[in-house]
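# Structural description and commentary
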Amino acid sequence: MIEWVEQSLHVPLFVSVVSIFVVILLFKFSARTASKLNLPPSPSKLPIIGNLHQLGSLPHRSFRSLAKKHGPIMLLHLGQSPTLVVSSADAAKEILKTQDLNFSSRPRMNFEDKLVYSNMHIAFLPYGEYWRQVRKICVLQLCTAQRVESFKSVREEEANLMINKIHQSCSSASSSVVDLSETIATFTKDIACRVALGRKFGKDEVVGKNFEKMMSEFMYFISGFNVGDFIPWLSWVNTMTGFDARMVKNFKELDNFFDSVIEEHIEAKKRSKGGVEDFVDVLLNMEKDSSTGVTFGKPNIKAMIMRDPIRSSQTTN
């Protein structure tokens, strides 16, 4: 019995030693492989986490400090994800213009399957025929000079409302302090919602409050640290902590919200005609248009209209 206990105590120790040994071997093997390639300069990294410990709370400043030391093109290892960091205009032009086809695809992120319409959302689409067609729709249908001009009255109205709000706050006896950051962010969000969704969602209404909460939660997942993106074999941590379940819940809420927006537009089209078409109206018209070469259903429309609330929320946050 005593011998059995002693052997049992040695098992965890043996597993730990073997695990550390395997990690060291993998680290040395990857370093040896990388040395044979003509890679950009890279700061020294740690096993498993790579250069994550060097980013800090303000990554853009950390990138600047590292670039001063290692040059305008450097290779960072964010966990197990090799990442090329470019910090000069000439290098950016080479990547985004001259070599754009070689750099046009996007890395697949852990949240895409649970949070966005990963196969249809233009921000996360891999380069290919569908991406080209969707981009063409954005350029020729949604962002033309004529379309932008058609929303001139919306921009002017929201600008007047913002100026009046600032004026009233400054004239008020109770307070003369105006938070311009929040005011301008709200101004941007309201224009984006009216242009894309047909109306704005104020904080004083139930739908507006829910919309704010959904988008805040959404941006938390988009911009926050997701361990599965940097260390794939630790993705199970997201399940254990409930992170994945929160993402699924947020996606279902947003999906139901966009469903209600589309239904509102369909019902409005049945009741009346004319007026300025927002993005949802334009995309609904394309459901019947086969000339684009893209099958356009409700999921495609929701993926397309999601981009503007995302952009407005990025401004707000």
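Computed from a prediction, not measured in an experiment: that's the story for all the values here.

## Digging into the overall build of the protein chain
When helices and strands are counted, the protein chain shows 15 helices and two strands. Looking at the protein chain as a whole, 34% of its 317 residues are labelled buried. Counting only contacts in the protein chain whose residues sit at least 6 apart along the sequence, the fraction spanning at least 24 positions is 59%. Accessible surface computed for the protein chain: about 19900 Å², of which carbon and sulfur atoms make up 60%.

## A closer look at the packing of aromatic side chains
Each pair of aromatic rings is reported with the distance of its centres and the angle of its planes. All told, the structure shown has ten aromatic pairs when counted by the stated rule. Between F201 and F211, the aromatic rings sit 5.3 Å apart at their centres with planes inclined by 35°, giving tilted as the arrangement. With F201 in the loop between α8 (180-197) and α9 (206-223) and F211 in helix α9, this pair connects stretches of sequence that are ten residues apart. An identical accessibility class is assigned to F201 and F211; each is buried. Joined through ring pairs, the aromatic side chains of F201, F211, F257 and F258 make up one cluster.

## Things to note about the pairing of strand β2 (residues 81-86)
Each regular strand shows side chains that alternate between the opposite faces of the sheet. Sheet analysis places strand β1 (residues 73-78) next to β2, joined by six bridges and oriented antiparallel. Bridge pairing links L75 to L84 in β2. Turn length for the β1-β2 hairpin, with the two strands adjacent in sequence and antiparallel, is two residues, and the turn residue G79 shows positive phi of about 70°.

## As for the nonpolar core
The biggest cluster of nonpolar side chains holds 46 residues, and the ones touching the most others in it are L197, F218, F257, F258, L283 and M304. Mapped onto this core, the elements with two or more residues apiece are α5 (129-142), α8, α9, α12 (243-271), α13 (279-285) and α14 (298-305). Residue contributions to this core peak at seven residues, all from α12. Non-local contacts of F257, meaning those with residues more than four positions away in its chain, are made with L197, F201, V207, F211 and M214. Residues L55, L66, L76 and V227 belong to the second largest nonpolar core, which totals eleven residues.

## Quick look at the UniProt feature "transmembrane region" (unreviewed entry) in the protein chain
UniProt's feature table lists "transmembrane region" (unreviewed entry) at residues 12-31 and 218-236, given in the numbering used throughout. Along residues 218-236 the backbone is 58% helical and 0% strand, and the end-to-end C-alpha distance reaches 21 Å.

## Considering a nonpolar patch on the surface
Taken together, the side chains of L46, I48, I49 and W233 define a hydrophobic patch exposed on the protein surface, amounting to about 350 Å² of accessible area. Summarising the element assignment, I48 is placed in the loop between α1 (2-35) and α2 (59-70).

## Some points on the environment of I305
Inspection of the secondary structure puts I305 in helix α14. Overall, I305 belongs to the buried group, its relative accessible area being 1%. Once the C-alpha coordinates of I305 and F279 are considered, the two residues, 26 residues apart in sequence, prove to be 7.1 Å apart. In contact with I305, other than residues within four places in its own chain, are L197, F258, V280 and L283.

## Topic: the side chain of E158
Mapped onto the fold, E158 is located in helix α7 (residues 152-171). The exposure class assigned to E158 is buried, which follows from its relative accessible area of 3%. Polar contacts involving the side chain of E158 include one to the side chain of R194, which spans 2.8 Å. Residues within four places of E158 in sequence aside, it is in contact with F187, D190, I191, R194 and K200.

Rules of the game
- Residues numbered from 1 in each chain as written.
- Predicted model: local features only at pLDDT ≥ 70, side-chain atom pairs only at ≥ 80, totals over all residues.
- Heavy atoms only, no water.
- Helix = DSSP H or I, 4+ residues; strand = E, 2+ residues; numbered from the N terminus.
- Buried < 20%, exposed > 50% of the residue type's maximum accessible area, 1.4 Å probe, protein only.
- Contact = heavy atoms within 4.5 Å.
- Areas by Shrake-Rupley, 256 points an atom, 1.4 Å probe, with all protein chains shown as cover.
- Phe/Tyr/Trp six-rings, centres within 6.5 Å; stacked < 30°, edge-to-face > 60°.
- Pairing = 2+ DSSP bridges.
- Core = buried A, V, L, I, M, F, W, Y, C linked by side-chain atoms within 4.5 Å.
- UniProt positions renumbered as here; feature names shortened; annotations may be inferred.
- Patch = residues over 30% accessible without salt bridge, like charges linked within 9 Å, V, L, I, M, F, W, Y side chains within 5 Å.
- Salt bridge = Lys/Arg side-chain N within 4 Å of Asp/Glu carboxyl O.
- Polar contact = N/O pair within 3.5 Å; in protein donor to acceptor, adjacent residues only side chain to side chain.

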